[in-house]
Amino acid sequence: MTPEELASLIRAVLLDAAADGRVALGPSDIPDPVRVERPRNRDNGDWSTNAAMQLAKRAGTAPRDLAALIADALADAEGVESVEVAGPGFINIRLAASSAGQLAATIVEAGDSYGTNASLAGQDINLEYVSANPTGPVHLGGARWAAVGDSLARLMTASGARVTREYYFNDHGSQIDRFARSLYARALGREAPEDGYGGQYIADIADRVRADARAAGLPDPVGLPEEEAVEAFRARGVELMFAEIKARLSAFRSEFDVFFHEDSLHDSGAVSAAIETLRGRGEVFDRDGAVWLRTTSYGDDKDRVLIKSDGQAAYFAADVAYYLDKRRRGADAAVYLLGADHHGYIGRMMAMCAAFGDEPGVNMQILIGQMVNLVKDGAPVRMSKRAGTIVTLDDLVDAVGVDAARYALVRVSMDSNLDIDLDLLTQHTNDNPVYYVQYAHARTRNVARNAADHGVGRDAGFDPAALDTAADAELLGALAQFPAQIAQAAQLREPHRVARYLEALAGTYHAWYGQCRVTPRGDDPVEAGHVARLWLNDAVSQVLRTGLGLLGVAAPERM
């Protein structure tokens, strides 16, 4: 019996009691799902719930009396060994070994679908992440969003949502002009403009623009008049930078459904149309020759300019049009993953959401991520060999590989600063968290191969009651929590929960491995316990593989 099945059983007991008048509850009063969790003290049983304490007041009864009603009904349920009311109204439940052990077969037979759930079913979510100026390689902050955003998309999908993964290219404005002039200057052998971009990548792209022009039979851009030359470097240089960013993200296992260009909002008239939509809602006004959005009506500290007095669109105007575009494409929720330098944008963005008649925090959700630093030999790594002034995604991947990089970026809550110790991530020891989890998976596969060599196979049948040790029960309890961990991580937008769960599961498995045998000793016969523990071993293998996959990390067969 899984905790989800137990929660459904408790809810059914409460619904029955409400229907026949034993408690003064309506169906809407009873949570779905009822909360069931693992007791901190395992002496208290396999699972516990505080549902009676939560509902007693509404039910018009004392918590312990309601707990006793639930406990009496649960005690007769198939697979439940005992139920106890404790303290002010906790209900502690112990499952029969056969009921608890059946989970191993459930997981193995479900395969990759074990852990999927419908907690976000029916939701259409536009998830935007990494989005950056196309003027340089993906930096470490962008790398964090690539790992976190992609993992979150996988978790949301596993929880039933329809997810659009989107990258927003800021390809409109002065930063593109500075990029083009930096390429032009480098091609001429000059230093980049004071506000321009440096690094070896600028030289590489400038050389490529010139080579591509020659290959196409076109004049070398450096021989053109300056403005024509700058435009040539802009057009091809931005295209090359786009292509490189996409390729690097794909190699990092972070794929996108939509690459959205800011420039398209201005070229298509979407900015003007969005402003007129807001004007029709009475949210836009004119002052001092400029067009303003009345964001102070929705909690912002000041109203925001949309069109400046010189007739040019303010940067915020594109944000307005972009949000409306997402909603009109069908997104119920537009989720933005932004860097720490965008914290000050939250107020105006949420006010804009409200001005459209939407609900801030629901239709628009903004997640802020903190800084990432690389540390090697105890000191910060501050310079990239290629980008010069910033450390990039490539620098991290070159140092530790994609698996370790993704795992390290995801396992810490995104709202915390993150120091990545390169020395630690290259160690093959239990101190390295990604190695610890991957090694647990490799060990499960080695156990399965060893079992086959000793004649232990799952086709011999499965007796769940044979999983009767404390170590078996502990491991089964850990496996049972996987679906809830996925649902919580998706709902709370916290993929690090899955990483921490996997580390705990790996620790529980390693302890179980030291106490229980899957293969018989010497010439001893194969017994039901050996076969049952092979099922349990393979269930762990499945959950570790699925969990690592949700983080975009490989599950090796051997290490």
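Everything quoted here is computed from the prediction, not taken from an experiment.

### A few points about the packing of aromatic side chains
Tallying each qualifying case throughout the model produces 20 aromatic pairs. Pairing Phe-169 with Phe-259 gives two aromatic rings, centres 5.9 Å apart and planes at 20°, and the pair type is stacked. Here Phe-169 is found in strand 5 (residues 162-169), whereas its partner Phe-259 is found in strand 6 (residues 258-261), with 90 residues between them in sequence. Overall, Phe-259 belongs to the partly exposed group, its relative accessible area being 27%. Note on Phe-256 and Phe-259: the rings are 5.5 Å apart at their centroids and 50° apart in plane angle, and the pair reads as tilted. By way of ring pairs, the aromatic residues Tyr-129, Tyr-167, Phe-169, Phe-242, Phe-256 and Phe-259 are connected into one cluster. Just above the ring of Phe-259 sits the side chain of Lys-246; from NZ or CZ to the centre is 4.7 Å.

### Focus on the pattern of salt bridges
According to the stated counting rule, one finds 36 salt bridges in the structure shown. A salt bridge links Glu-128 to Lys-326; the nearest nitrogen and oxygen atoms lie 2.7 Å apart. On the criterion of sequence distance, the pair formed by Glu-128 in strand 4 (residues 124-128) and Lys-326 in helix 11 (residues 315-328) is long-range, its members being 198 residues apart. The same class applies to Glu-128 and to Lys-326, which are both buried. Across the salt bridge formed by Glu-557 and Arg-445, the nearest N and O atoms sit 3.6 Å from each other. Of the two residues, Glu-557 is situated in the segment after helix 20 (528-550) and Arg-445 in helix 16 (residues 433-453); the sequence distance between them amounts to 112 residues. If you follow the salt bridges from partner to partner, you end up with Arg-445, Arg-449, Arg-458, Asp-538 and Glu-557 in one network.

### Some details on the UniProt feature "short sequence motif: 'HIGH' region" (unreviewed entry) in the protein
Feature annotation in UniProt places "short sequence motif: 'HIGH' region" (unreviewed entry) on residues 132-142, given in this structure's numbering. In residues 132-142, helix accounts for 27% and strand for 0%; the two terminal C-alpha atoms are 8 Å from one another.

### Overview of helix 7 (residues 200-215)
When the terminal C-alpha atoms of helix 7 are compared, their 22 Å separation across 16 residues agrees well with the 22 Å that a helix rising 1.5 Å per residue should span. Those residues of helix 7 lying buried are Tyr-201, Ile-202, Ala-203, Ile-205, Ala-206, Val-209 and Ala-213. On its buried side, helix 7 packs onto helix 6 (174-187) and helix 8 (226-251). Remark: Gly-217 follows helix 7 within two positions and exhibits a positive phi of approximately 75°.

### Focus on the layout of surface pockets
Its volume calculated, the second largest pocket comes out at about 1,000 Å³. Glu-4, Pro-33, Pro-483, Ala-484 and Ala-487 are the residues nearest the centre of the second largest pocket, which is lined by 32 residues in total. Those elements giving two or more residues to the lining of the second largest pocket turn out to be helix 1 (3-19) and helix 18 (482-492). Considering only residue class, the lining of the second largest pocket consists of 13 nonpolar, 12 polar and 7 charged.

### Observations regarding the sheet that holds strand 3 (residues 90-95)
The strand order across the open sheet built from 3 strands is 1-3-2, with neighbouring strands paired in antiparallel fashion. Every other strand in the sheet has two partners, leaving strand 1 (47-49) and strand 2 (80-86) as the edge strands with one partner each. Looking at each pair of strands side by side, their axes are set apart by 20° on average, direction ignored. In this sheet, strand 3 lies alongside strand 1 in antiparallel orientation, the contact comprising 3 bridges. Of the residues in strand 3, the one forming a bridge with Ser-48 is Asn-92. Lying over the sheet, helix 3 (residues 63-75) contacts strand 2 and strand 3, oriented at roughly 175° with respect to strand 2.

### Here's the deal with the packing of helix 4 (residues 97-110) against helix 20
At their nearest, the axes of helix 4 and helix 20 sit 8 Å apart, and the two run at 50° to each other. The angle between the axes of helix 4 and helix 20 places the two elements in the oblique class. In this structure, the crossing between helix 4 and helix 20 has a hand that is left-handed. Residues Ala-104, Ala-105, Ile-107, Val-108 and Glu-109 of helix 4 lie in contact with helix 20, whose contacting residues are Trp-535, Leu-536, Asp-538, Ala-539, Gln-542 and Val-543. Taken together, the residues of the contact of helix 4 with helix 20 break down into 8 nonpolar, 1 polar and 2 charged.

### Quick word on the domain arrangement of the protein
As assigned here, the protein comprises domain 1 (3-95), domain 2 (129-137 + 156-254 + 370-426), domain 3 (269-368) and domain 4 (430-551). When each unit is reduced to the centre of its C-alpha atoms, the spacing between domain 2 and domain 4 is 40 Å. Domain 2 puts 15 residues into the contact, and the matching count from domain 4 is 18 residues. With both chains or domains summed, domain 2 and domain 4 bury close to 1,500 Å², and 63% of this area falls on carbon and sulfur atoms. Its largest share of buried area at the contact with domain 4, domain 2 owes to Tyr-407, Val-410 and Arg-411, together 44% of the area lost on that side. Applying the counting rule to domain 2 against domain 4 returns 1 salt bridge. In this structure, Glu-503 and Arg-411 form a salt bridge, with 2.8 Å as the shortest nitrogen-oxygen distance.

### A few points about the side chain of Ser-541
Checked against the element boundaries, Ser-541 lands in helix 20. The exposure class of Ser-541 is buried, given its relative accessible area of 1%. When residues no more than four places from it in sequence are discounted, the contact partners of Ser-541 are His-441, Thr-444 and Arg-445.

### Section: the sheet that holds strand 10 (residues 333-339)
With parallel pairing, the 5 strands of this open sheet are ordered in space as 6-5-4-10-11. The outermost strands of the open sheet, each flanked by one partner alone, are strand 6 and strand 11 (364-369). Looking at each pair of strands side by side, their axes are set apart by 25° on average, direction ignored. Pairing of strand 4 with strand 10, which is carried by 4 bridges, proceeds in the parallel orientation. Each residue of the ladder has a partner; that of Ile-125, found in strand 10, is Ala-333. Its contacts with the sheet place helix 5 (residues 140-158) against strand 4, strand 5, strand 10 and strand 11, and it is angled at close to 160° to strand 5.

Rules behind the numbers
- Residues numbered from 1 in each chain as written.
- Predicted model: local features only at pLDDT ≥ 70, side-chain atom pairs only at ≥ 80, totals over all residues.
- Heavy atoms only, no water.
- Phe/Tyr/Trp six-rings, centres within 6.5 Å; stacked < 30°, edge-to-face > 60°.
- Helix = DSSP H or I, 4+ residues; strand = E, 2+ residues; numbered from the N terminus.
- Buried < 20%, exposed > 50% of the residue type's maximum accessible area, 1.4 Å probe, protein only.
- Lys NZ or Arg CZ within 6 Å of the ring centre and 35° of its normal.
- Salt bridge = Lys/Arg side-chain N within 4 Å of Asp/Glu carboxyl O.
- UniProt positions renumbered as here; feature names shortened; annotations may be inferred.
- Expected span 1.5 Å × (residues − 1).
- Contact = heavy atoms within 4.5 Å.
- 1 Å grid on protein atoms, 1.4 Å probe; cavity = no way out; pocket = protein on both sides within 12 Å on 5 of 7 lines; lining within 4 Å.
- Points joined across faces, edges and corners; volume = space filled by probe spheres on them.
- Nonpolar A, V, L, I, M, F, W, Y, C, P; charged D, E, K, R; others polar.
- Pairing = 2+ DSSP bridges.
- Axes fitted to C-alpha atoms, helices over the stretch in contact; angles between N-to-C directions.
- Parallel < 35°, antiparallel > 145°, perpendicular 65-115°, else oblique.
- Left-handed = near helix turned anticlockwise from the far one by under 90°.
- Domains from an automatic or database assignment.
- Buried area = accessible area lost by both parts, 1.4 Å probe.

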